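Summary of the model geometry
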Amino acid sequence: MCGIVGYVGKRNAQNVLLDGLEKLEYRGYDSAGVALALDGGIRVVKSKGRLAELRKKLELQALAESGCGIGHTRWATHGEPNDTNSHPHVSQNGKIAVVHNGIIENYLEIREFLQQKGVQFASQTDTEVVAQLMEYCMGLPEVETVSDALYMVLHRIEGAYALGILCSDDPDHVYAARKDAP
Ligand code: GLU
């Protein structure tokens, strides 16, 4: 179980995401994190522990305002609760950030496929395969849009999930997908 939130609009996304995460904190408090679309790319701030720890980190970083972002409070299923396994998870070239509620059942198979292609993983989670696979798909010649890549990912992954996704190529949108229980 976990809580995910996404925002696009005129308000400061960081504040909206933190308000949303506060309401969802009962769903998971192993760790919390946000990803914001900023000039220069996606910025991720995340921390083991409760939301208060994330708030402290964000205050120190004093990031520029963004109108678009995603956030997560985690209840770990795959990978111990630590900073690295916290969401959002980012693809190796920083193009994609993902928050996820649920389980990707075939994550090991996808992880091995991507590792054979040279992709380096940072975490032990099932979730990271979604970010890495999406970035991989975006590099395929037949893929023209972020939605094309997302549909390809959704055909490949198995399990129950709710996903919130940011892409640095399209910084004014949050992509979302859901299957079954979450
Ligand atoms: N399976 C993911 C993880 O362990 C998401 C867990 C959740 O729904 O909080 O990070």
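Now for a description of the structure that goes with this document. (Residues numbered from 1 in each chain as written. Predicted model: local features only at pLDDT ≥ 70, side-chain atom pairs only at ≥ 80, totals over all residues. Heavy atoms only, no water.)

Below, the discussion takes up the environment of V153. With respect to the secondary-structure elements, V153 resides in helix α5 (residues 146-156). Sequence-wise, V153 and V130 are 23 residues apart; in three dimensions their C-alpha atoms are separated by 7.1 Å. (Helix = DSSP H or I, 4+ residues; strand = E, 2+ residues; numbered from the N terminus.)

Through backbone hydrogen bonds, the strands of a sheet pair up, either in parallel or in antiparallel fashion. The strand order across the open sheet built from four strands is β5-β6-β7-β8, with neighbouring strands paired in antiparallel fashion. Only two strands of the sheet have a single neighbouring strand rather than two, namely β5 (89-90) and β8 (175-179). Bridge count between strand β7 (residues 159-167) and β8: five bridges; the pairing is antiparallel. Counterpart to A162 in the pairing with β8 is R178. Running over the sheet, helix α4 (residues 128-138) touches β5, β6 (96-104) and β7 and is turned about 130° from β6. (Pairing = 2+ DSSP bridges. Contact = heavy atoms within 4.5 Å. Axes fitted to C-alpha atoms, helices over the stretch in contact; angles between N-to-C directions.)

The next subject is the pairing of β7. The element β7 is largely enclosed, with a buried count of eight among its nine residues. Both β6 and β7 contribute to a ladder of nine bridges, which runs antiparallel. Following the sheet pairing, H100 is matched in β7 by L163. (Buried < 20%, exposed > 50% of the residue type's maximum accessible area, 1.4 Å probe, protein only.)

Judged by nonpolar contacts, the single largest core of 26 residues is most densely connected at I96, M134 and I165. Listing elements by their share of this core, those giving two or more residues are β6, α3 (107-116), α4, α5 and β7. Ranked by the residues each element gives to this core, the list is headed by α4, at seven residues. In contact with M134, other than residues within four places in its own chain, are I96, V146, A149, L150, V153 and I165. One finds Y7, L18, V34 and L54 within the second-largest nonpolar core, a separate group that totals 16 residues. (Core = buried A, V, L, I, M, F, W, Y, C linked by side-chain atoms within 4.5 Å.)

Now for the sheet that holds strand β3 (residues 41-48). Read across the sheet, four strands follow the order β1-β4-β2-β3 without closing on themselves; strand pairing throughout is antiparallel. The strands lining the two open edges of the sheet, one partner per strand, are β1 (3-8) and β3. Each adjacent strand pair in this sheet contributes to an overall mean axis angle of 10°, direction not counted. Where strand β2 (residues 31-38) and strand β4 (residues 68-74) come together, six bridges link them in antiparallel fashion. Looking at the pairing, A35 lines up with I70 of β4. The strands that helix α1 (residues 13-24) touches are β1, β2 and β4; relative to β1, the one it contacts most, it runs at about 155°. Taken strand by strand, helix α2 (residues 51-61) contacts β2 and β3, and its axis lies near 135° from that of β3.

As far as function goes, none of this settles anything; it's purely spatial.
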